[in-house]
Amino acid sequence: MITQQIWVLICGALVFFMQAGFTCYEAGFVQSKNVISVSIENLLTFMITVAMFISIGYYLMFGESIISMPSSHYSYLFLHIMFAAVAVTIFAGAMSERSKITALLTASIFAAGLIYPVYGRFVWGDALGGNFAWLHQLGFMDYAGASVVHTTAGFITLAGLIIVGSRTSTRTGKSNIPLATLGVFILWFGWLGFNGGNQQVDLDQMGLVFLNTTLSASFGMMGALVANLLRRRKGRYLISIFNGVLGGLVAVTAVSGWCHPLSAVIIGFIAGVCADLSTLILERYGIDDVVNAIPAHLVGGICGVLLLPWFIDKQYLLCDSRMEQFGAQCLGLMVNFGWAFGLSLLMFWAINKTIGIRVSGEDEKKGLNIVEFNDIYSWENYMEVSSYESQI
Amino acid sequence: MITQQIWVLICGALVFFMQAGFTCYEAGFVQSKNVISVSIENLLTFMITVAMFISIGYYLMFGESIISMPSSHYSYLFLHIMFAAVAVTIFAGAMSERSKITALLTASIFAAGLIYPVYGRFVWGDALGGNFAWLHQLGFMDYAGASVVHTTAGFITLAGLIIVGSRTSTRTGKSNIPLATLGVFILWFGWLGFNGGNQQVDLDQMGLVFLNTTLSASFGMMGALVANLLRRRKGRYLISIFNGVLGGLVAVTAVSGWCHPLSAVIIGFIAGVCADLSTLILERYGIDDVVNAIPAHLVGGICGVLLLPWFIDKQYLLCDSRMEQFGAQCLGLMVNFGWAFGLSLLMFWAINKTIGIRVSGEDEKKGLNIVEFNDIYSWENYMEVSSYESQI
Amino acid sequence: MITQQIWVLICGALVFFMQAGFTCYEAGFVQSKNVISVSIENLLTFMITVAMFISIGYYLMFGESIISMPSSHYSYLFLHIMFAAVAVTIFAGAMSERSKITALLTASIFAAGLIYPVYGRFVWGDALGGNFAWLHQLGFMDYAGASVVHTTAGFITLAGLIIVGSRTSTRTGKSNIPLATLGVFILWFGWLGFNGGNQQVDLDQMGLVFLNTTLSASFGMMGALVANLLRRRKGRYLISIFNGVLGGLVAVTAVSGWCHPLSAVIIGFIAGVCADLSTLILERYGIDDVVNAIPAHLVGGICGVLLLPWFIDKQYLLCDSRMEQFGAQCLGLMVNFGWAFGLSLLMFWAINKTIGIRVSGEDEKKGLNIVEFNDIYSWENYMEVSSYESQI
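In this text, all values refer to a predicted model and were calculated from it rather than measured experimentally.

Chemist: Would you take a moment to explain the overall build of chain A for this structure?
Modeler: Within chain A, the regular secondary structure consists of 15 helices and zero strands. Over its C-alpha atoms chain A spans a radius of gyration of 20 Å, differing by no more than 12% from the 21 Å that the globule rule assigns to 392 residues. Based on the C-alpha atoms only, the size of chain A along its principal axes is roughly 70 × 55 × 35 Å. For chain A, long-range pairs separated by at least 24 residues make up 80% of all intrachain contacts whose partners lie at least 6 apart in sequence. In the structure as shown, chain A presents an accessible area of about 12200 Å², 62% of it carried by carbon and sulfur atoms. Looking at charge distribution, chain A has the averaged site of its 19 positive side-chain charges lying 11 Å from that of its 23 negative ones.

As structure tokens, then:
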């Protein structure tokens, strides 16, 4: 049916546009001395994802090759390139400001060609008729990638952050909150396609999908704000807002076409609360996540996957009861943890041993605009700040 | 029909994206010391609109509740959340730089839950079969919200501006015109969905709707430029351009699927002229509209509503003659003024008496980035400027 | 068929959005003292294109007038306004920072009303049943405007750059790479509509079109990077990335629905290499292209048009053999060169003789924000830099 194909393409285009959202969001959060680096790296990561996913990843995930596939499957490939690109782009932003661009790009090769597609195969691998989706066969459910895309990305990020360590200092240069806000709106806009494209329900249920996406994001923001207010951290609610929106978007991705709008409201709210509170855990363990990828993608995703059994419409349940479904969801997450976190830890460890992940302390202070791109204006600014500091 | 539903969703997504446009536009116009505040407030206002509109507003407007509505209506609800969000977001930008964020958020609760939906009920309330739309029954016409959304927003804004008063000074910090230009293009892009989504004509007339939207915006720009040139205000034509585009977009919203493209050209041109000239009136009465919301949304909207009878294709006329239609249009606007302006004046007066609208003079000078969000870089900048001024 | 019309409108909206992409891209590349000028000029050029194209250009190109055309053709007109706007907006960005805005706007009148539509008529003029498309009848092929839009724009740009000459200095003020990156992503997003909208294949082939667009852009980036690395220009690869993406996008435009995805990979890669290497030629001849329009649009477009015969699926060939097709492609490009470059050279020469193209050296140093828009903050910055320089 032609309308279906066109819908997939429009949704895929929206998911592609999320790359612009990530770029704005990340460039808005990093210090000005690193904005060029983080922007360009978003372009490069996308290039690598496309190359790896069409040559290896898509075949691993769905058992079909670009050389021999029928042309009617091209829209599906297009959409799934964009899904892969979302999964791959996230860790690099979180690890920015002190990671070598070569290390991040090397990691993205493995993320796009191995880590993401293999876990995707476990869950969605039967979409084109294959029978590789053993997690799905065991009852694990994920509507549009809360686990396949987002917790996978979150676990890769967590492994990377552990290996690379915190930034030396975060008090130089300034961020750009309007740009980050634009990024959030672009991500939200693109997320409509993210949840809409991966059709596991009929096309006439897309109104529900779009509505749930919007509701969960809005109430995610509210949940994070409430959690923040209860913690009385004046002036910090800015970050809570961003975490709440993204946490809500990620969480509802698990179930967006399978639950009533009021369920989406509750899922979003809970995910927002959890995303906000999770920043406390990150602070406690000294995990320095520049763009709050862990609260949004990992915590939001876990919330979505584990809340699914309790909010999904009964007709969609794969297991016999909500409790059994909860068991299947836990299993899926554990496999995700084992595969994505375990393999990423190994990968980042190996990268660190070979080409090295971390830039030198001096380079970190100068900023990666200078180190990677010889940016003259960052140089001028650096010289000015240095001479100023030497006078103190 | 599935194509129809999908069209509504795509248009709704575009209207959602207008939120990004408003954010860029407003953050581009306010001084740098307030950009964080105005960006975040756009997110918060959207959250409030969603919460209020799904719980109360939609029911007031169309007589249907999210709890019991059929799932086939979800796309319609999705679209109308986005319309409400446009109506609600506008006044806060215009009142920025000297208004308390709590006051603005309180006002948006009433705007989304009462002021907007009740007037919407008068005009569009019969869309789902109800018979609350007495203005429509008296012959008042509004294709996609020139009055329901835009003059309503304009009247709320006018009331707010009168109560809050002008900024103390506008000569500190700088604006960002490229960001504002990006905002205008995003708004224009989203406006295609705004006019396209509210289908009062068949889907095969959407080419006309998109074309008219584009023509009116372009010729609105031209009208405002001509008006500006005749007034010989060198160097001020930048603001005229923005007002012209937005004025043209708002005006054609009244009639976008009901008139010939050449009519859209003329409507846009007239609205552009009026939007530009209206800034003189605002200056004369000392109304300090930071983002030119009054020229664009109120003046543009009034132009559209009052020009409709003379340019609409005869087959679409609700009244017996163009003159009678003009009478109905005047009536609709008067009711809009009475309800939206009257109630808003009362609302802002009450807010001012209770929590207060205006920040202190010192806070206004510091900028709301510091006051609301403890932004350290705005602090540093403020200290620098202050010490510089004390040396003079 | 209703789905077809709606598809054209959605694609047209995406092509419209490319205007936002050009604005961000150009404002990101020019020095900060010129960002207002370049942003506003994008709005004004669009206005002029709309006015000229609906009154003259569309009639010249397709033989139909807005006054008498059937309403079912409005979507097609909408789409082609957007194509024209892409063709017209490009030269002004490349010539920015030293050209008078009045000169650029005058040139855009001729570009939108004469240069673009007449060449378009030669290639696509039979789309609505006319028989003006003599190049098409001789076998020349262009899927979605690699020549009609992009090499035309490239030749106009080249003529303009030759007449206006290089900037005096490029070492004042700074650019904004995150904004330029956002611009690239917006352009890429819009390009899906650019290739999708100009349907020369059935709607069910749109998956191929979207996929090819993405692949060519990604591998264009890769080609440009490889070319850059081989030239060992450390720190300059930033520009290569941008040129590669845009060169790849332009090149695939020639053939996006007519070739296998693996062909799009190769076309993109070659175009990326050529786009990157072409900057050497520009440097050698001292052609100062502020936004790299020549590498992207002219070189990318030539690559696409000349690679088409070797990669197109045989069933789509218009000529009897690939070699003959190559001949037709060369002919088409030569006509394009003769018409677009020849006429533009004449036009810019005439504009230079009458109103003058170039701003004064002092104005160029001050920057056009001040000269055109009396921007006070650019003034303050200029005074500061001037007093600083006088102390040295």
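Chemist: Would you take a moment to explain the pattern of salt bridges for this structure?
Modeler: It is possible for side chains of opposite charge to pair when their charged atoms get near one another. In the structure shown here, the tally under the stated rule is 15 salt bridges over all chains. For Arg231 of chain A, the salt bridge goes to Asp276 of chain A, with nearest N and O atoms at 2.4 Å. Residue Arg231 of chain A is located in the loop between helix H8 (206–230) and helix H9 (237–252), and its partner Asp276 of chain A is located in helix H10 (residues 261–284); the two are separated by 45 residues in the primary sequence. The shortest N-O distance in the salt bridge between Arg98 of chain C and Asp288 of chain C comes to 3.9 Å. Here Arg98 of chain C, found in the loop between helix H3 (74–94) and helix H4 (101–124), pairs with Asp288 of chain C, found in the loop between helix H10 (261–284) and helix H11 (293–311); they are 190 residues apart in sequence, far enough to count as distant. Asp288 of chain C carries the same exposure label as Arg98 of chain C, and that label is buried. Residues joined in a network through salt bridges with shared partners are Glu97, Arg98, Arg167 and Asp288 of chain A.

Chemist: Explain the relation of the copies chain C and chain B here, please?
Modeler: Here the second copy of the chain follows from the first by a rotation about an axis and a shift along it. Overlaying chain C on chain B yields an RMSD of 0.0 Å, the required transformation being a rotation through 120 degrees with an accompanying axial translation of 0.0 Å. Accordingly, the operation relating the two chain copies is best matched by a three-fold axis. No C-alpha of chain C lies nearer the rotation axis than that of Thr3 of chain C, which sits 4.1 Å from it. The two copies present different faces, since only 12% of the interface residues in chain C are matched by interface residues at the equivalent positions in chain B.

Chemist: Quick question: what am I supposed to make of unusual backbone geometry here?
Modeler: Outside of glycine, negative phi angles account for most residues, and trans bonds account for most peptide bonds. Residues and elements named next belong to chain A. A positive phi is found at Glu97, a non-glycine position, where the angle reads about 80 degrees. Inspection of the secondary structure assignment puts Glu97 in the loop between helix H3 (74–94) and helix H4 (101–124). Given the relative accessible area of 2%, Glu97 is considered buried.

Chemist: For this particular structure, what's the right way to read the interface of chain B and chain A?
Modeler: Interfaces are often described in size by the accessible area the parts lose on coming together. Tallying the contact residues gives 48 residues for chain B and 45 residues for chain A. Taking both partners together, chain B and chain A bury about 3900 Å²; carbon and sulfur atoms supply 82% of that area. Counting every contact that joins chain B to chain A gives zero residue pairs in polar contact (both at pLDDT 80 or more). At the level of secondary structure, the elements contributing two or more residues to the side of chain B that touches chain A comprise helix H1 (2–29), helix H2 (35–62), helix H3 (74–94), helix H7 (177–197), helix H14 (368–373) and helix H15 (376–391) of chain B.

Chemist: Before we go on, may I ask you to explain a nonpolar patch on the surface in this structure?
Modeler: On the surface, Trp134, Leu138, Leu331 and Met334 of chain A cluster together into a nonpolar patch covering about 380 Å² of accessible area. Here Leu331 of chain A falls in the partly exposed class, since its relative accessible area comes to 30%.

Chemist: I would appreciate a short explanation of the interface of chain C and chain B in the present structure.
Modeler: Between chain C and chain B, the residue contacts involve 48 residues of the former and 45 residues of the latter. Buried area between chain C and chain B, both sides added, is near 3900 Å², and the carbon and sulfur share of it is 81%. Between the two partners, chain C and chain B, sit zero residue pairs in polar contact (both at pLDDT 80 or more). Put simply, the parts of the chain that give the side of chain C that touches chain B at least two residues each are helix H1 (2–29), helix H2 (35–62), H3, helix H7 (177–197), helix H14 (368–373) and helix H15 (376–391) of chain C. Per-element tally for the side of chain C that touches chain B: the top contributor is H1 of chain C, with 15 residues. Of the residues assigned to the side of chain C that touches chain B, the class counts are 37 nonpolar, nine polar and two charged.

Chemist: Can you walk me through the packing of H3 of chain B against helix H6 (residues 146–164) of chain B in this structure?
Modeler: Packed helices, taken two at a time, are described by the angle between their axes plus the distance between the axes. Residue and element names in this part refer to chain B. Running from N to C, H3 and H6 cross one another at 25 degrees; their axes reach a closest spacing of 8 Å. Judged by the inter-axis angle, H3 sits roughly parallel to H6. Taken as a pair, H3 and H6 cross one another with a handedness that is right-handed. On the side of H3, the interface is formed by Phe83, Val86, Ala87, Ile90, Phe91 and Ala94, while H6 contributes Val149, His150, Ala153, Ile156, Thr157 and Leu161. Classifying every residue of the contact of H3 with H6 gives ten nonpolar, two polar and no charged.

Chemist: Any chance you could explain H7 of chain B here in plain terms?
Modeler: An α-helix turns once per 3.6 residues; consequently, residues spaced three or four apart project the same way. Residues and elements named next belong to chain B. The end-to-end C-alpha distance of H7 is 30 Å, a good match for the 30 Å that 21 residues give at a rise of 1.5 Å each. By the criterion of burial, H7 is predominantly enclosed, with 21 of the 21 residues buried. If you check the start of H7, you find a side-chain oxygen 3.2 Å away from the backbone N of Leu179, and it comes from Asn176.

Chemist: Just to check I follow, could you spell out the environment of Ile156 of chain A for this structure?
Modeler: All names here are of chain A. By the secondary structure assignment, Ile156 is in helix H6 (residues 146–164). Overall, the relative accessible area of 1% leaves Ile156 in the buried class. Taking C-alpha positions, Ile156 is 6.4 Å from Phe91, a pair spaced 65 residues apart along the chain. Those residues within four positions of Ile156 in sequence are excluded, and the remaining contacts are Phe91, Ala111, Ile115, Ser344 and Phe348.

Chemist: Hey, could you run me through the side chain of Asp288 of chain B in this one?
Modeler: All names here are of chain B. Given the relative accessible area of 14%, Asp288 is considered buried. Among the polar contacts made by the side chain of Asp288, one reaches the main-chain amide nitrogen of Arg167 at a distance of 2.8 Å. Discounting chain neighbours no more than four positions away, the residues touching Asp288 are Ala94, Arg98, Leu161, Ser166 and Arg167.

Chemist: Explain the packing of aromatic side chains to me, please; I cannot follow it from the model alone.
Modeler: The way to describe two aromatic rings as a pair is by their centre distance and the angle between their planes. All chains considered together, the criterion is met by 90 aromatic pairs over all chains. Arranged with centres 4.9 Å apart and planes meeting at 70 degrees, the rings of Tyr25 of chain A and Phe29 of chain A form a pair that is edge-to-face. Of this pair, Tyr25 of chain A and Phe29 of chain A are both found in helix H1 (residues 2–29), four residues apart, which corresponds to roughly one turn of the helix. For the pair formed by Tyr25 of chain A and Phe29 of chain A, the shared burial category is buried. Each member of the aromatic cluster is reached from another via a ring pair, and the members are Phe17 and Phe189 of chain A, Phe17 and Phe189 of chain B together with Phe17 and Phe189 of chain C. Geometry around Phe132 of chain A places Arg121 of chain A over its ring, the cationic atom sitting 4.0 Å from the centre.

Chemist: Teacher, can you tell me more about the packing of H2 of chain C against H3 of chain C here?
Modeler: All names here are of chain C. At a minimum axis separation of 8 Å, H2 and H3 run at an interaxial angle of 130 degrees. Put simply, H2 runs oblique to H3. Where H2 crosses over H3, the two elements pack in a sense that is right-handed. Contacts from Glu41, Asn42, Thr45, Phe46, Thr49, Val50, Phe53, Ile54, Tyr58, Met61 and Phe62 in H2 reach Tyr76, Leu77, His80, Ile81, Met82, Ala84, Ala85, Val88, Thr89, Ala92 and Gly93 in H3. Class assignment of the residues belonging to the contact of H2 with H3 gives a composition of 15 nonpolar, six polar and one charged.

Conventions we followed
Numbering of residues begins from 1 in every chain and follows the order in which that chain's sequence is written. Each chain gets a letter, beginning with A, and each ligand a number, beginning with 1, in the order they are written. Where totals are concerned, whole chains, interfaces and linings use all residues; where local detail is concerned, this predicted model gives features only for residues with pLDDT of at least 70, and gives and counts side-chain atom pairs only at 80 or more. Hydrogens and waters are ignored; side-chain quantities use all the structure's heavy atoms. In this description a helix means any DSSP run of H or I spanning at least four residues, a strand means any run of E spanning at least two, and both kinds are numbered starting from the N terminus. For this measure, only C-alpha atoms enter the radius of gyration; the expected value for a globule follows 2.2 Å times N^0.38, where N is the number of residues. Throughout, a residue-residue contact means that at least one pair of heavy atoms, one from each residue, lies within 4.5 Å. Throughout, the Shrake-Rupley method with a 1.4 Å probe supplies accessible areas, and for residues the shown protein chains are the sole cover considered. We treat Lys and Arg as the positive residues and Asp and Glu as the negative residues; His and chain ends play no part in the count. Charge coordinates come from a single atom per side chain, which is NZ of Lys, CZ of Arg, CG of Asp or CD of Glu. What makes a salt bridge here is a side-chain nitrogen of Lys or Arg within 4 Å of a carboxyl oxygen of Asp or Glu, nothing more. A 1.4 Å probe rolled over the protein chains alone gives each residue an accessible area, and that area as a share of the maximum for its type sets the label: buried under 20%, exposed over 50%, partly exposed in between. Alignment of the copies relies on least squares applied to C-alpha atoms, considering only residues that score at least 70 for pLDDT in both. Take the accessible area each of two parts loses on contact, using a 1.4 Å probe, and add the two losses: that sum is the buried area. Polar contact is defined as a pair of N or O atoms within 3.5 Å, subject to the rule that within protein one atom must be able to donate a hydrogen and the other to accept it, and that residues adjacent in sequence are counted only when both atoms are side-chain atoms. The patches described consist of residues with a relative accessible area above 30% and no salt bridge, like charges being joined within 9 Å and nonpolar side chains (Val, Leu, Ile, Met, Phe, Trp, Tyr) within 5 Å. Each residue is assigned to one class: nonpolar for Ala, Val, Leu, Ile, Met, Phe, Trp, Tyr, Cys and Pro, charged for Asp, Glu, Lys and Arg, and polar for all the others, Gly among them. Every angle, taken between N-to-C directions, lies between 0 and 180 degrees, and every axis is a line fitted to C-alpha atoms, over only the stretch in contact when it is a helix. For this classification, under 35 degrees means roughly parallel, over 145 means roughly antiparallel, 65 to 115 means roughly perpendicular, and everything else is oblique. Left-handed is the label given to a crossing in which the near helix is rotated counterclockwise from the far helix by less than a right angle, and right-handed is the label when the rotation is clockwise. For a helix, the expected span equals 1.5 Å multiplied by the residue count minus one. What counts as a ring pair is set by centres within 6.5 Å for rings of Phe, Tyr and Trp (its six-membered ring), and what kind of pair is set by the plane angle: stacked under 30 degrees, edge-to-face over 60, tilted for all other angles. The criterion for a charge sitting over a ring is simple: Lys NZ or Arg CZ within 6 Å of the ring centre, and within 35 degrees of the ring normal.

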